[in-house]
Amino acid sequence: MRYSVASVIREALTGNTGWGRAWRDPEPKPAYDVLVVGGGGHGLSTAYYLAEEHGIRNVAVLEKGWLGGGNVGRNTTIIRSNYMMDGNTQFYELSMKLWEGLSHELNYNAMVSHRGVFNLAHTPAQYDAFAYRGNVMRSNGIDAEILSREEVRRELPYLDFSEKARFPVYGALVQRRGGTARHDAVAWGYARGADTRGVDIIQNCEVTGFIREGDRIVGVETTRGAIRAKKVAMAVAGHSSVLAEKAGMRLPIESHLLQAFVSESIKPLIDTVITFGAGHFYISQSDKGSLVFGGDLDGYNSYAQRGNLPIVEHVLTEGKALIPCLSRLRMLRHWAGVMDMSMDGSPIIDLTPIPGLYLNTGWCYGGFKAVPGSGWCFAYLIARDEPHPVAAKFRLDRFRTGRPIDEKGAGPVPGHH
Ligand SMILES: Cc1cc2nc3c(=O)[nH]c(=O)nc-3n(C[C@H](O)[C@H](O)[C@H](O)COP(=O)(O)OP(=O)(O)OC[C@H]3O[C@@H](n4cnc5c(N)ncnc54)[C@H](O)[C@@H]3O)c2cc1C
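Residues numbered from 1 in each chain as written. Predicted model: local features only at pLDDT ≥ 70, side-chain atom pairs only at ≥ 80, totals over all residues. Heavy atoms only, no water.

(A) Examining the overall build of the chain more closely. On a plain count of helices and strands, the chain comes out with 11 helices and 18 strands. For the chain, the C-alpha radius of gyration of 22 Å lies close to 22 Å, the compact-globule estimate for 417 residues. Seen along its three principal axes, the alpha-carbon backbone of the chain occupies a region of about 70 × 65 × 40 Å. When the 417 residues of the chain are sorted by exposure, 56% land in the buried category. (Helix = DSSP H or I, 4+ residues; strand = E, 2+ residues; numbered from the N terminus. Rg over C-alpha atoms; globule rule 2.2 N^0.38 Å. Buried < 20%, exposed > 50% of the residue type's maximum accessible area, 1.4 Å probe, protein only.)

The following block contains the structure:
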């Protein structure tokens, strides 16, 4: 059913009996044209664009848990395209443009909010680096503003502008088109859109191995039986190395935990997204009133998705240094997601050396904002067996040939990206 004002009124008058399921719950078929492994944002958007843009509808998404149970439902929902390196700039701007029309495209309210993203600078050198980044963005047609300390103070008066601020605010790089989107609505919107176009979304179906004929991968073993396919696409985020190992591949990926935090609900305080340049801390306010924030990687690798206590203290300390009034707030919940950290901080969307196997991984902290662009480019790669021009630099062999896309100039240290 198409969602519209008319359908809301009709259902209101008829006891809300006609909504139906947002997507079906089909049994897996023995074979498909394409299998997408991983029902997170990237897997679901890939399936959607395969059907919508390339007419490939005999597709299944295989998800070991439930939709939204992975990082797509665990992140802090920030979207932006304030990148500087060739490759990243074009890709994230494509994704931003897709965000702008997404709710309309999916006929599903993804609650995309262009409330702006402030990157705070705390030293003159950092301010210069942000000005440089802003100029690169503008020369690529992406909106960017550089604000002075006083301009930031006018917009965000609750930051610590006192004499004793540990990290004085020097200025900021702002992208007004950046903002947030509702994470689980994005997963559900793509799922519904893909399902409507004939894609089978199969939950509780873990891929446990690959079926080969000679060198070629021709299907997968799952907890619900074997399923064959002409093409198998991996989009399993933090589990990329685990799954790749089953195919005999070693990836330049480390899996790390990143936590998110939610406070009790308060009246509107923060009407934008703020990232703290002197540490790893970022914050926004949800539509329900909670402050949503995050910080650095845990530093203890695990697949448990729980997170640990030292980082709680670390993140709250940074938050309080930036916004002193946070000290009076109660934190309600925190959790973690398993991040697919690449060695240069940039993603991989590529064919693999194994015929029939396609790879999407390496999203680090930034894979939520990439969801539309990633699905768009991965679907193109799967459909045409060649990279989308906008994602042409996200090749797997760049780590071997010495062409990393080192956005932060931090070298191969996942925790620094
Ligand atoms: C705390 C936190 C905050 C973040 N904040 C932001 C942010 O503000 N902005 C931003 O842009 N990005 C952010 N990210 C990053 C972003 O969430 C991820 O990069 C992105 O969601 C990863 O892609 P995905 O949605 O496809 O992953 P997931 O949702 O994790 O999807 C992968 C799916 O694969 C499934 N799977 C794994 N193995 C198998 C298997 N063998 N068989 C079948 N299924 C399998 C998993 O169950 C999972 O559902 C954050 C991440 C975290 C953890």
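Still more ground to cover, so stick around.
(B) Fine view of the sheet that holds strand β6 (residues 171-175). With mixed pairing, the 8 strands of this open sheet are ordered in space as β5-β6-β4-β13-β14-β15-β12-β16. Sheet topology places β5 (145-148) and β16 (331-342) at the edges, where each strand pairs with a single neighbour. Strand-to-strand twist in this sheet, taken as the mean axis angle between neighbours without regard to direction, amounts to 20°. Sheet analysis places strand β4 (residues 117-121) next to β6, joined by 5 bridges and oriented antiparallel. Following the sheet pairing, Phe 118 is matched in β6 by Val 174. Taken strand by strand, helix α9 (residues 309-322) contacts β4, β12 (253-265), β13 (273-276), β14 (281-285), β15 (290-297) and β16, and its axis lies near 120° from that of β15. (Pairing = 2+ DSSP bridges. Axes fitted to C-alpha atoms, helices over the stretch in contact; angles between N-to-C directions. Contact = heavy atoms within 4.5 Å.)

(C) How the structure looks around the site of the ligand. The immediate surroundings of the ligand are formed by 37 residues, with Glu 63, Asn 71, Thr 76, Tyr 365 and Lys 369 found nearest. Thr 76 is positioned with one of its side-chain polar atoms (N or O) 2.8 Å from an oxygen atom of the ligand. The backbone of Thr 77 places a nitrogen or oxygen atom 3.3 Å from an oxygen atom of the ligand. Look at the ligand: alone it shows 990 Å² of surface, and the protein chains cover 96% of it. The set of elements that each furnish at least two residues to the shell around the ligand consists of α2 (41-54), β12 and β16. At 3 residues, the largest contribution of residues to the shell around the ligand is made by β12. Looking at the shell around the ligand, its residues break down into 17 nonpolar, 15 polar and 5 charged. (Near = heavy atom within 4 Å. Polar contact = N/O pair within 3.5 Å; in protein donor to acceptor, adjacent residues only side chain to side chain. Areas by Shrake-Rupley, 256 points an atom, 1.4 Å probe, with all protein chains shown as cover. Nonpolar A, V, L, I, M, F, W, Y, C, P; charged D, E, K, R; others polar.)

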